[in-house]
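# Understanding the architecture of this molecule
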Amino acid sequence: EAKSLAAQRDTKSINDPKIHLMWADLFEELGFIEDLIIELNLTIRGNPSYLPIYKRLADVYLDQGSTDKAIHCYSSIIKYEPLKANHYKGLAHILEESGDYEKALKVYQLGYEKTKDESFKHLIRSLDFLKKDNYEKQQEPVDTGNQIVPSQNNLVTFTSLFSGREGVYARQWLSPTGETGYTPVKEPFILKVAENHILGNLTAGIYQLRLDNTVNFIAFDLDIPKFILNKVIARQNLWKKAMETIYDSAFKIANLGAANNIPIYMEDSGFKGMHCWIFLEVPIPAGVAKKFGDVLLAQITGLTHEVSIEIFPKQTRVKEGGLGNLIKAPLGFHKKTGKRSLFISQDGNPHKNQLEFLESSTKASRRSIYAMIQNFNASSLSSSVPATLKQSSKYEQVTVHIEEESIQDERSIRKLKEAKEYISDNDTQLQYLLMKCPAIKAIIDKANLECSITKEERMVIIHSIGHLDNGADAVNDILQKCVNADPLLFMKSKLRGNPVSCPRIRSRIPEITSKTACNCQFDPSINLYPTPLLHVYAMKSGNQAVAKTTPTGMAADSVHFHNILDEYVKLKKQAREVDILIKKSESQINDFFEQAGIDSFSTSIGELKRIKKEDETYSFSLNI
């Protein structure tokens, strides 16, 4: 209900900062970071002198990796209270953690000049010391009673499992007052960084969303909520009880994943909670990953408000220049507690060999992730059908007639018809249309590959394919594969009236039509209204004049053959491209082997061997 209210809000016209602050608190609980930032800025607009909001906003920006915006917040604080030493220290600390020692030094010096606080002298001397030596070398490793020393293979596996945004990661810092935060480092998360993280020389965070807004993993962050933390942190018995509730919730998440063939690994995060990790075979869109997290949590009973659960990724996409939220990488040390985060088993105890455990971990398939979302959508639809209609062994999914921009209310759903088994490959009209209209085929290929569909793509599909004899079945067959398709959008019967025109298709999905051969030529003497459905009409009537470029009356077998042929040509092209890339990689690997004087190398999945031939050529074999 809170999420629904948040999506419908219109607060920009409200000037009361207290209301904006209430919305900000709500969005922080929900994990809606972009909305949180908007409401905090609106709070400042209503009360520019309320300085705690600037600091809160700065903390959010730091979590997002927006260091410049955080610096701007602290500059505003100093403008209003130029005689408070802590404001200068906060600003300088951000600059120091981002590596800008020159500016940090100037802020410390300005702070001393304005406030005459003697503590600035020590900070200035310390900063001078850091400038003389590399800052990384000054970071003493945390006491490592349970030292873990990774091998090269372990590091390859680790950086692969927890890879995120290209070219950047974050480092956790601990201030003299005990506060912690993260600063982005504009360097790739390479093996050396992972090694220092595991050894305890630094604590790294991962910005999850890659440049194409896909993710390599899904995570659930379970914590003791803020309103409980202060009550239990100093009382051992209450703390133990709160952590047991965290463990119980994590086990429920892991068990539900296992029931759906999705391995979920639990990790003690090192302070006040746990992480549950899902590693993915292939990257998936962040929107799908976030939807999966929502679906999984929605199916778990017994979750309590005494556990705060955040889903990573928190965003479906990151705007240009942004980094999104980060999550602390496992096996490192929490700067605040000095405790290493470890993967745990079902009995709550850490696995004996953490690195071997990671090496043996299993990744979730793309299909299993999508299947769980689709099954949940289907069950949600089923639950909305009146019980009297469910008595039939088969019934058609509830659908409504689609208008151009609106959906009729569910109350207008008519009596359900008996369901019919539909196989798209046997639908001659559909297959012929796909063979003739590259734009519609591109939409369906995209839906099959990404399991998602945009509103504009959906409207094109409905108002074209929906007019075929089996239009409702064909459209529903496409939509049910898309995780973001509302079950109430499923069609009940074929559409009547005019189908969508070719110009209208190009105006709706220009990003698709511009990349396809969308330029069918129809005889204007036959029909002045160009639409992809004219191809089907030509097939049905055998009228050669309607669509001049294609033989008429093609049988279903012929259409099927053309589809197979298209797929074969596409695969051959891909195979050629892959072969070129493999040859290039083998040439580079061979150069490395020559320089190193070796003929084999252990990889994360097996031993790679170079086989030299008598004619001085070579080949490679990978024993998996």
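From a predicted model like this one, the values you see are computed outputs, not experimental measurements. Numbering of residues starts from 1 in every chain and runs along the sequence as written. Where local features are concerned, this predicted model is filtered to residues with pLDDT of at least 70; where side-chain atom pairs are given and counted, the filter is 80 or more; whole-chain, interface and lining totals use all residues. Each side-chain value is worked out from all heavy atoms of the structure, with water and hydrogens disregarded.

### Things to note about the packing of aromatic side chains
In summary, the pairing rule links any two rings of Phe, Tyr or Trp, Trp by its six-membered ring, whose centres are within 6.5 Å, and it sorts them by plane angle into stacked for under 30 degrees, edge-to-face for over 60 and tilted for everything else. This structure, assessed with the given rule, holds 17 aromatic pairs. With a centroid separation of 5.7 Å and an interplanar angle of 25°, the aromatic rings of Trp-23 and Phe-27 are classed as stacked. A residue pair is termed a helical-turn pair when its members lie 3 or 4 positions apart in one helix, as Trp-23 and Phe-27 do in helix 2 (residues 17–30) at 4 residues. Relative to Phe-357, the ring of Tyr-265 lies with its centre 5.4 Å away and its plane at 85°, an arrangement referred to as edge-to-face. Placement of Tyr-265 in strand 5 (residues 265–268) and of Phe-357 in helix 15 (residues 354–359) is noted, with a sequence separation of 92 residues between them. Taken as a pair, Tyr-265 and Phe-357 share a single burial class, namely buried. Each residue in the set Phe-158, Phe-162, Tyr-169, Phe-189, Phe-217, Tyr-265, Trp-277, Phe-279, Phe-343 and Phe-357 is aromatic and connected to the rest through ring pairs, giving one cluster. As a reminder, the over-ring test applies to NZ of lysine and CZ of arginine, requiring each to be within 6 Å of the ring centre and within 35 degrees of the ring normal. The ring of Phe-120 carries Lys-89 above its face, with NZ or CZ at 5.5 Å from the centroid. Its end group placed over the ring of Tyr-112, Lys-116 keeps NZ or CZ at 5.9 Å from the ring centre. Helix numbers and strand numbers start at the N terminus; a helix is a DSSP run of H or I with at least 4 residues, a strand a run of E with at least 2. Here the term buried applies to any residue with accessible area under 20% of the maximum for its type, exposed to any over 50%, and partly exposed to those in between, with areas from a 1.4 Å probe on protein chains only.

### Some thoughts on the packing of helix 19 (residues 438–450) against helix 20 (residues 455–465)
Here, axes are lines fitted to C-alpha atoms. For helices the fit covers the stretch in contact, and angles between N-to-C directions go from 0 to 180 degrees. For the pair helix 19 and helix 20, the least separation of the axes is 10 Å and the interaxial angle reads 125°. By the criterion of interaxial angle, the relationship of helix 19 to helix 20 is oblique. Relative to helix 20, the crossing made by helix 19 is left-handed. Packed against helix 19, whose contacting residues are Ile-440, Ile-443, Ile-444 and Lys-446, the element helix 20 presents Glu-457, Val-460, Ile-461, Ser-464 and Ile-465 at the interface. Each residue receives one of three labels: charged for Asp, Glu, Lys and Arg, nonpolar for Ala, Val, Leu, Ile, Met, Phe, Trp, Tyr, Cys and Pro, and polar for the others, Gly being one of them. Its residues placed into classes, the contact of helix 19 with helix 20 shows 6 nonpolar, 1 polar and 2 charged. Convention used here: angles under 35 degrees read as roughly parallel, angles over 145 as roughly antiparallel, angles from 65 to 115 as roughly perpendicular, and any remaining angle as oblique. The hand of a helix crossing depends on one turn: near helix anticlockwise from the far one by less than a right angle means left-handed, and clockwise means right-handed. Whether two residues touch is decided by their heavy atoms; if any such pair falls within 4.5 Å, the residues are in contact.

### Notes on a nonpolar patch on the surface
What makes a patch is a set of residues exposed beyond 30% relative accessible area and free of salt bridges, joined within 9 Å when like-charged and within 5 Å when nonpolar (Val, Leu, Ile, Met, Phe, Trp, Tyr). Every accessible area reported is derived by Shrake-Rupley at a probe size of 1.4 Å, with residue values counting cover from the shown protein chains alone. A pairing counts as a salt bridge when a side-chain nitrogen of Lys or Arg comes within 4 Å of a carboxyl oxygen of Asp or Glu. A cluster of nonpolar residues, Leu-565, Tyr-568 and Val-569, forms a patch on the protein surface that exposes about 290 Å² of accessible area. Mapped onto the elements of the fold, Tyr-568 is located in helix 25 (residues 556–596).

### Examining helix 11 (residues 191–199)
Taken together, the buried positions of helix 11 are Val-193, Ala-194, Asn-196, His-197, Ile-198 and Leu-199. With its phi angle positive at about 95°, Gly-200 sits one or two positions after the end of helix 11.

### Concerning the confidence of the model for the chain
In the predicted model, the chain carries a mean pLDDT of 80, and 83% of its residues have values of at least 70. pLDDT expresses, on a scale from 0 to 100, how confident the predictor is about each individual residue. Averaged pLDDT values for the elements of the chain fall to 36 in helix 9 (residues 135–138) and rise to 95 in strand 5. Contacts for the low-pLDDT stretch residues 384–419, under 50 throughout, to residues beyond four places or in other chains number 62 contacts.

### Some details on the pattern of salt bridges
In the structure shown here, the tally under the stated rule is 20 salt bridges. Residues Arg-610 and Asp-599 are paired through a salt bridge, measuring 2.8 Å at the closest nitrogen-oxygen approach. Taken together, the residues span a long stretch of sequence, with Arg-610 in strand 11 (residues 607–612) and Asp-599 in the loop between helix 25 and strand 10 (600–602) at a distance of 11 residues. For Asp-599, a relative accessible area of 40% puts it in the partly exposed group.

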